[in-house]
Amino acid sequence: MSASRSSNVARLLSRSARLASPRVAGASARHIATARLVAVRPSATQRFGSVGAQQSVKTRKYSSKSYPDHQLVGMPALSPTMTQGNVGQWQKSVGDKIEPGDVLVEIETDKAQMDFEFQDEGYLAKILAPSGTKDLAIDAPVAIIVENESDVAAFADYSADQAKSPAAPAAQESAAAPAEVETKKPAAAKKQDAPSSDGGRVFASPMAKTIAKEKNVDLAQIKGSGPRGRIVKADIEEYLASGASTKAATAPAAAAAPAAPKAAPKAAQAATSGAAGFTDIPLTNMRKVIASRLTEAKSTVPHYYLTQNIAMDKVNKLRQSLNTAANGTYKLSVNDFVIKAAASALRDVPEVNSSWQGEFIRQHHHADIAVAAATPAGLITPIVRACDAKGLKTISADVRELVTRARANKLKPEEFQGGSFTISNLGMYGISSFSAIINAPHSAILSVGAAEPRLVPDEDAEKGFSVSQVMSVQLSADHRVVDGAIGAQFLKAFKGYLENPLTLLL
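Reading guide: rules and limits
Residues numbered from 1 in each chain as written. Predicted model: local features only at pLDDT ≥ 70, side-chain atom pairs only at ≥ 80, totals over all residues. Heavy atoms only, no water. Helix = DSSP H or I, 4+ residues; strand = E, 2+ residues; numbered from the N terminus. Buried < 20%, exposed > 50% of the residue type's maximum accessible area, 1.4 Å probe, protein only. Contact = heavy atoms within 4.5 Å. Areas by Shrake-Rupley, 256 points an atom, 1.4 Å probe, with all protein chains shown as cover. Phe/Tyr/Trp six-rings, centres within 6.5 Å; stacked < 30°, edge-to-face > 60°. Core = buried A, V, L, I, M, F, W, Y, C linked by side-chain atoms within 4.5 Å. Pairing = 2+ DSSP bridges. Salt bridge = Lys/Arg side-chain N within 4 Å of Asp/Glu carboxyl O. Expected span 1.5 Å × (residues − 1). Patch = residues over 30% accessible without salt bridge, like charges linked within 9 Å, V, L, I, M, F, W, Y side chains within 5 Å. pLDDT = per-residue confidence, 0-100. Axes fitted to C-alpha atoms, helices over the stretch in contact; angles between N-to-C directions. Parallel < 35°, antiparallel > 145°, perpendicular 65-115°, else oblique. Nonpolar A, V, L, I, M, F, W, Y, C, P; charged D, E, K, R; others polar. Polar contact = N/O pair within 3.5 Å; in protein donor to acceptor, adjacent residues only side chain to side chain.

Draft legend 1. Structural detail: the overall build of the chain. When its secondary structure is counted, the chain shows 16 helices and 24 strands. Each of the 506 residues in the chain was classed as buried or not, and the buried ones make up 41%. Considering only contacts within the chain whose residues lie at least 6 apart along the sequence, 61% involve residues at least 24 apart. Only carbon and sulfur atoms are counted for the fraction: they give 54% of the accessible area of the chain, which is about 26600 Å².

Draft legend 2. Molecular detail of the packing of aromatic side chains. Counted by the stated rule, this structure contains six aromatic pairs. Joined through ring pairs, the aromatic side chains of Tyr-67, Phe-155 and Tyr-158 make up one cluster.

Draft legend 3. Structural view of the nonpolar core. In this structure, Ile-369, Phe-421 and Phe-494 are the most contacted members of the largest nonpolar core, which totals 72 residues. Broken down by element, this core gets its largest block of residues, eight residues, from helix H14 (residues 334–348). Among residues more than four places away in sequence, those in contact with Phe-421 are Ala-342, Leu-346, Val-352, Asp-368, Ile-369, Ala-370, His-442, Ala-444, Leu-446, Leu-475 and Phe-490. Counting 12 residues, the second largest nonpolar core, distinct from the first, contains Met-207, Ala-208, Ile-211 and Leu-240.

Draft legend 4. Main features of the sheet that holds strand E11 (residues 136–137). If you trace the four strands from one edge of the open sheet to the other, you get E9-E8-E6-E11, paired in antiparallel fashion. Each end of this open sheet is capped by a strand with a single partner; those strands are strand E9 (113–118) and E11.

Draft legend 5. Geometry of the pattern of salt bridges. Evaluation of the coordinates by the stated rule reveals 10 salt bridges. Residues Arg-480 and Asp-478 are paired through a salt bridge, measuring 2.8 Å at the closest nitrogen-oxygen approach.

Draft legend 6. Main features of helix H12 (residues 285–300). With 16 residues, H12 extends 22 Å from end C-alpha to end C-alpha; this agrees with the ideal 22 Å at 1.5 Å per step. Tucked inside the fold, the buried residues of H12 contact strand E6 (84–90), strand E8 (102–108), strand E15 (303–311), strand E19 (373–375) and strand E20 (378–380).

Draft legend 7. Representation of a nonpolar patch on the surface in the model. Where nonpolar side chains cluster on the molecular surface, the patch consists of Met-428, Tyr-429 and Ile-431 and spans about 350 Å² of accessible area. Structurally, Tyr-429 is set in the loop between strand E22 (421–425) and strand E23 (444–457). A relative accessible area of 59% means that Tyr-429 is categorised as exposed.

Draft legend 8. The arrangement of the confidence of the model for the chain in detail. When pLDDT is averaged along the chain, the result is 77; 72% of the residues meet or exceed 70. Note on residues 166–199: pLDDT under 50 across the span, and 37 contacts to partners over four residues away in sequence or across chains. A low-confidence stretch, residues 246–271 stays under pLDDT 50, and its non-local contacts, those more than four residues away or across chains, total 20 contacts.

Draft legend 9. Spatial organisation of the packing of helix H7 (residues 206–214) against helix H8 (residues 233–241). At a closest axis distance of 8 Å, the pairing of H7 and H8 adopts a crossing angle of 30°. Accordingly, the angle class assigned to the pair H7 and H8 is roughly parallel. Residue-level inspection shows Met-207, Ala-208, Ile-211 and Ala-212 of H7 in contact with H8, the latter providing Lys-233, Ile-236 and Leu-240. A class-by-class count of the residues in the contact of H7 with H8 yields six nonpolar, no polar and one charged.

Draft legend 10. Structural view of the sheet that holds E22. Read across the open sheet, the six strands follow the order E15-E24-E23-E22-E18-E21; overall the sheet is mixed. The sheet is open, and its two edges are formed by E15 and strand E21 (383–384), each paired on a single side. Direction of pairing for E23 relative to strand E24 (residues 465–478): antiparallel, over a ladder of 12 bridges. When the bridges of E24 are listed, Val-448 appears paired with Val-473. Across the face of the sheet, helix H16 (residues 484–499) comes into contact with E15, E22, E23 and E24 while running at roughly 20° to E15.

Draft legend 11. Representation of unusual backbone geometry within the structure. The peptide bond linking Ala-440 to Pro-441 adopts the cis configuration, its omega dihedral lying at 10°. Structurally, Pro-441 can be placed in the loop between E22 and E23. Non-glycine residue Asn-409 carries a positive phi angle of around 60°. Its place among the elements puts Asn-409 in the loop between helix H15 (392–407) and E22.

Draft legend 12. Quick look at the pairing of E23. As defined by bridge partners, E22 adjoins E23 across four bridges and the pair is classed as parallel. Paired with Ile-423 across the two strands is Leu-446, which belongs to E23.

Draft legend 13. Quick look at the environment of Ile-290. Within the secondary structure, Ile-290 is located in helix H12. In this structure, the C-alpha to C-alpha distance between Ile-290 and Ile-380, residues 90 residues apart in sequence, is 8.8 Å. Apart from residues no more than four positions distant in its own chain, Ile-290 is found in contact with Gly-378 and Leu-379.

Draft legend 14. Layout of the environment of Asn-425. Tracing the chain through its elements places Asn-425 in strand E22. Residues Asn-425 and Val-338, spaced 87 residues apart in sequence, show a C-alpha to C-alpha distance of 9.3 Å. Those residues in contact with Asn-425, other than ones at most four positions away along the chain, are Asn-335, Val-448 and Gly-449. In this structure the side chain of Asn-425 is engaged in a polar contact, spanning 2.9 Å, whose partner is the side chain of Asn-335.

Draft legend 15. Highlighting the environment of Ala-408. With respect to the element layout, Ala-408 can be found in the loop between H15 and E22. For the pair Ala-408 and Ala-377, spaced 31 residues apart in sequence, the C-alpha separation works out to 9.8 Å.

Draft legend 16. Here's a closer look at the side chain of His-442. On the secondary structure map, His-442 appears in the loop between E22 and E23. Here Thr-422 takes part through its side chain, which lies 2.7 Å from a polar atom of the side chain of His-442. With residues up to four places along the chain from it excluded, the contact list for His-442 reads Ser-354, Ser-355, Ala-370, Gly-418, Gly-419, Ser-420, Phe-421 and Thr-422.

Draft legend 17. Focus on the pairing of strand E12 (residues 141–146). Burial runs high along E12: six of the six residues are buried. Sheet analysis places strand E5 (residues 70–74) next to E12, joined by four bridges and oriented antiparallel. Its bridge partner lying in E12, Gln-71 is registered against Ile-145. In this sheet, E12 lies alongside strand E10 (residues 122–127) in antiparallel orientation, the contact comprising four bridges. From the neighbouring strand, Tyr-123 faces E12, where its bridge partner is Val-146.

This is the structure:
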């Protein structure tokens, strides 16, 4: 038993050494070409805009008799939750020289549109994913980079299919391989025919699994074209377009239902020009994430709601006085006072300034408030950091800058990820009150309505009442983190700051 185990360990070590160094003496040309990674460069780092934190983006270097040495650049992961992306405007053209830090292409992630800065040098030899390409999985090939400008022309006819199947040129080279290598071809071919399964498991991208589930497609019947036989979205579309799925359907209605997702835009155009009376709008990555996160939050987070009415007369007077004294250098909004009051209340009731982390509750030391902002692409929540330590003027300037850049898709990831509390204000649209969905993992979100004139008791008034501008707010809280009494304490403190706004200046 011991001798057998030692023998197995020796074989594994020998195999690992061969895979780690495919250019060993005596290795055949076919072996080298089909090893996929002939040499792996140190990972190029990618930045979004001027983000300080960097993430790694793997670029693979290939070599074969058909093409010069080149790097295959894959779709980068620009956010922790990103599984696929859309290709925006290319900032470089084929043949352009690339310096470290140059913006290669704009990428639409699940959060926003970001610049992909390439941290290597070379020449852009081929664009494999043109502008407008949608739903590319992470690491899917988007471009070819070469070191020498003279090698660019060699990739004029290079296609994305060749990038996905690097074994193709290897098959051509294998004809010149020694006879002893030919004896190994059947085993290698068998391995490539069904690399998508391992002990009954089928390897597929998240998008492919989703489409297969929606269209009732058995993934075991599909041969993957992705890396190592992985089933990708294009494989599902091809399978559906071929009509293979209709043969397996049991009902005529079910047979007519499947349709390739790529045909969706055409169907939308047909609907607008015909008499169908509707338009199908393709989902952006951002809209998909919004739908997924809010559905998850509403389904899994135990919401409860508390409402409070607040007299805003003193805030309005103080705001007017401060804006007049500013002489145009700044202009405070009611929302600036709301943010500052919320930050002060979070400091007084820190239990609300917490987030649910599954196995524990994280209580934050600063009030990092996410402010919901509507953009053409959808809702995004840029974060105003450490509001408890900032004055009204600074908060106002930060909010304006963040919202402006959010609507221009110029936010950095750290500017909309994280935070400890959320505020959603629809008062400017005339909405008196509403119930907001918690922005998980935050424990609460404050929905703010418009201030409206109401009659309120007033002992100093001759008639015993007066007209006051009253604003309704509602706190949506996660009962796993914030108990009802704690939520009530927060709203009481919040109301106190707004009804006595001079305390915000202390």
